[in-house]
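Results of the structural survey
In case you want the letters, here they are:
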Amino acid sequence: MKKAICIILSAVMLALCVFTVSAQSTAEHDYTIENPYKDVIWDGDGAWGLYKASLHSHTNASDAVPSIAESVEKHYELGFDILAITDHAVLGAKWTEVPDMVPLYRLFKADNTHMKDPEVLTGERYEQITTGSDRDGKPMLEVTGALEANGAVPINDCHVNAFFANYGQALMGCYGDYETVVRRVQNQGGITFLDHTGEYVGCEDDPDRAREPYYANKFANIFLNYPSCVAFDVNSGINNRTRYDYILWDEILKLTIPNGRNVSCICFSDGHHIDQYDRAFTYMCMPSLTVDALRTSLETGAYFSIGRYARADLGEDFEGTGPVPLVRKLVVDQQEDCISFEAENFDRVRWYSDGELIAEGEDLTSFDLDDYADRLGCYVRFTLTGKGGIMYSQAFPITAPDIDIEKPLVVPTVDIGTFFRSLADSMNLILGWTPVMLLIRWLLWGRAWWLY
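Residues numbered from 1 in each chain as written. Predicted model: local features only at pLDDT ≥ 70, side-chain atom pairs only at ≥ 80, totals over all residues. Heavy atoms only, no water.

In this section: the sheet that holds strand β8 (residues 229–236). Taken in spatial order, the 5 strands line up as β5-β6-β7-β8-β9 in an open sheet, and their pairing is mixed. Two strands in the sheet have a free side with no partner beyond their single neighbour: β5 (147–149) and β9 (264–268). Each neighbouring strand pair of the sheet contributes to a mean axis angle of 35 degrees, computed without reference to strand direction. The pairing of β5 with strand β6 (residues 160–163) spans 3 bridges and is classified as antiparallel. The residue of β6 that forms the bridge with E148 is N161. On the sheet, helix α10 (residues 245–256) packs against β8 and β9 and is oriented at approximately 150 degrees with respect to β8. (Pairing = 2+ DSSP bridges. Helix = DSSP H or I, 4+ residues; strand = E, 2+ residues; numbered from the N terminus. Axes fitted to C-alpha atoms, helices over the stretch in contact; angles between N-to-C directions. Contact = heavy atoms within 4.5 Å.)

With that settled, consider the environment of F223. Relative to the assigned elements, F223 resides in helix α9 (residues 213–225). Judged by its relative accessible area of 1%, F223 falls in the buried class. (Buried < 20%, exposed > 50% of the residue type's maximum accessible area, 1.4 Å probe, protein only.)

Here the focus is helix α5 (residues 123–131). Regarding α5, the residues found buried are R125, Y126 and I129. The buried side chains of α5 occupy one side of the element, clustering within an arc of 105 degrees when seen end-on. Along α5, the residues that are exposed and aim more than 90 degrees away from the buried face are G123 and E124. G132 sits one or two positions beyond α5 and adopts a positive phi of about 70 degrees. (Arc of directions from axis to C-beta.)

With that out of the way, let us pick up the packing of aromatic side chains. All chains considered together, the criterion is met by 23 aromatic pairs. Members of the aromatic cluster, each reached through a chain of ring pairs, are Y37, W42, F304, F341, W351, F367, Y372, F382 and F396. The ring centre of F80 lies 4.4 Å from the NZ or CZ of K52, which sits over that ring. (Phe/Tyr/Trp six-rings, centres within 6.5 Å; stacked < 30°, edge-to-face > 60°. Lys NZ or Arg CZ within 6 Å of the ring centre and 35° of its normal.)

Okay, the pairing of strand β13 (residues 338–344) next. With 7 bridges connecting them, strand β12 (residues 326–333) and β13 associate as antiparallel partners. Bridge assignment links V327 to a residue of β13, and that residue is A343. Note that β13 and strand β16 (residues 366–368) share 3 bridges and pair antiparallel. Its bridge partner lying in β16, C338 is registered against D368.

On to empty space enclosed by the protein. Counted under the stated rule, the structure contains 1 cavity of 30 Å³ or more. As a volume, the largest cavity reaches approximately 90 Å³. I68, I85, G92, A93 and P99 are, among the 13 residues lining the largest cavity, the residues nearest its centre. Residues of the lining of the largest cavity, tallied by class, amount to 8 nonpolar, 2 polar and 3 charged. (1 Å grid on protein atoms, 1.4 Å probe; cavity = no way out; pocket = protein on both sides within 12 Å on 5 of 7 lines; lining within 4 Å. Points joined across faces, edges and corners; volume = space filled by probe spheres on them. Nonpolar A, V, L, I, M, F, W, Y, C, P; charged D, E, K, R; others polar.)

The next subject is the side chain of D278. Among the secondary structure elements, D278 is positioned in the loop between β9 and β10 (280–286). For D278, a relative accessible area of 18% corresponds to the buried category. Separated by 2.8 Å, the side chains of D278 and K52 make a polar contact. The residues touching D278, leaving out its near neighbours within four places in the chain, are K52, L78, F80 and R308. (Polar contact = N/O pair within 3.5 Å; in protein donor to acceptor, adjacent residues only side chain to side chain.)

With respect to the helices, strands and loops of the structure, H88 is situated in the loop between β3 (82–85) and α3 (103–108). At 3.1 Å, the side chain of H88 forms a polar contact with the side chain of D63.

We now examine the sheet that holds β13. Pairing in this open sheet of 3 strands is antiparallel, and the strands run β12-β13-β16 from one edge to the other. In this open sheet, the two edge strands, each paired with only one partner strand, are β12 and β16. The sheet shows a mean angle of 15 degrees between the axes of neighbouring strands, taken without regard to direction.

In the contact formed by helix α2 (residues 68–77) and α5, the axes pass within 11 Å of each other and the chain directions differ by 30 degrees. Taken together, the axes of α2 and α5 are roughly parallel relative to one another. Crossing of α2 over α5 shows left-handed handedness. Facing α2, whose interface residues are V72, E73 and Y76, α5 presents R125, Q128 and I129. Looking at the contact of α2 with α5, its residues break down into 3 nonpolar, 1 polar and 2 charged. (Parallel < 35°, antiparallel > 145°, perpendicular 65-115°, else oblique. Left-handed = near helix turned anticlockwise from the far one by under 90°.)

With that settled, consider the environment of L423. Tracing the backbone shows L423 in helix α12 (residues 417–433). Judged by relative accessible area, L423 falls into the partly exposed class, the value being 43%. Between the C-alpha atoms of L423 and C174, which are 249 residues apart in sequence, the distance is 8.7 Å.

Bringing the packing of α9 against α10 into the picture now. The geometry of α9 relative to α10 is characterised by a closest axis approach of 9 Å and an angle of 55 degrees between their N-to-C directions. Classed by the angle they form, the pair α9 and α10 counts as oblique. Remark: the crossing between α9 and α10 carries right-handed chirality. Between α9 and α10, the residues in contact are Y215, A216, N217, F219, A220, F223 and L224 and L248, E251, I252, L255 and T256, respectively. For the contact of α9 with α10, the class distribution of residues is 9 nonpolar, 2 polar and 1 charged.

With that out of the way, let us pick up unusual backbone geometry. Located in the positive-phi region is H114, a residue other than glycine, with phi close to 55 degrees. The class of H114 is partly exposed, set by a relative accessible area of 45%. Unlike most non-glycine residues, M115 shows phi in positive territory, near 55 degrees. Overall, the relative accessible area of 15% leaves M115 in the buried class.

Right, dumping it as structure tokens:
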């Protein structure tokens, strides 16, 4: 009898030991969480602001309908704090000046532009908007020298937004070649982000294409090789062509984060009509409303991206209206392995790791990594959804000394983009230097439109 009791007690003790060791090995890790918002001061003295930014939209200086003045006025009316007009192959100028346009690109969308001279702001109105004198002292920051580079691509748009450089004016686009634009802007000290890659990938209606390794490797190489390329578009507001790009973003993160590079996500309207300007945008976390602070926010990923338009994860007929979901405070507790936040205008939180949905709820505003240890990969991120749309956080890379994350091999990709770029560069050279082509350039790209 005693022997039986001893055997039973021993078995119970052994089971308890095994359970304890197992629980500790699967649920207790000393995580390190990289926080892209770590520098943000959320409250108290010196609290940073959340500034609504439109970083990619168009006017009739390239191929859209609204004039420069109409674009500025509409963004101002919609409460934007930051506006960068990024026309195709046209470096943005002050809002009181007509930029150096490329009429050939305007002719492509003559039904939009009608080849009219863009209306600009008067000096008086410019002063009002940039000081906010008629908006309770809330100015709108002017960002000049930005454009949508890679011009007009003949097959599918392969566009790159460029800032703080003098590259891309009147240069042809090139199918499949994002790398050259990114490299040349970086060489000039500027920064870039990749626009609506879903057109190139062809994943508008096919999420499986967004998961094909070729595309993740292609874009991962760009981000790993060029630190000045700061973000990847996950939700262009203009239409549904990028509705699965957030899937490709996750595939890129799985390659870049273990190799030491986080990649921010970004949203923008890409608006070509005045009623599209509020469909997607960002809220930049900045200590002050300046161009330098904007650049730092873009480079560190300290912002939240908002989309109002129909999304695969919101329903095909969804279009957000009213106040958008937005984080107002975020805390990363390294000792407790926890990410928590305070937010508004949301009814659901979703947490993702390595592209998989691992938790969701109406009020899941605190996420303890130890509770999901068996489902975590190399990062976590979250989204908020509500009547106003969807908000994307940046990814939070995670590591632990007792967890080995395999460093994936990022495979170089080769495509016809290199050939097209050589051809485009040759044409740019020809159009720029030979006497005959100088005449053609004047007729087609100049300001005399006697053929129209």
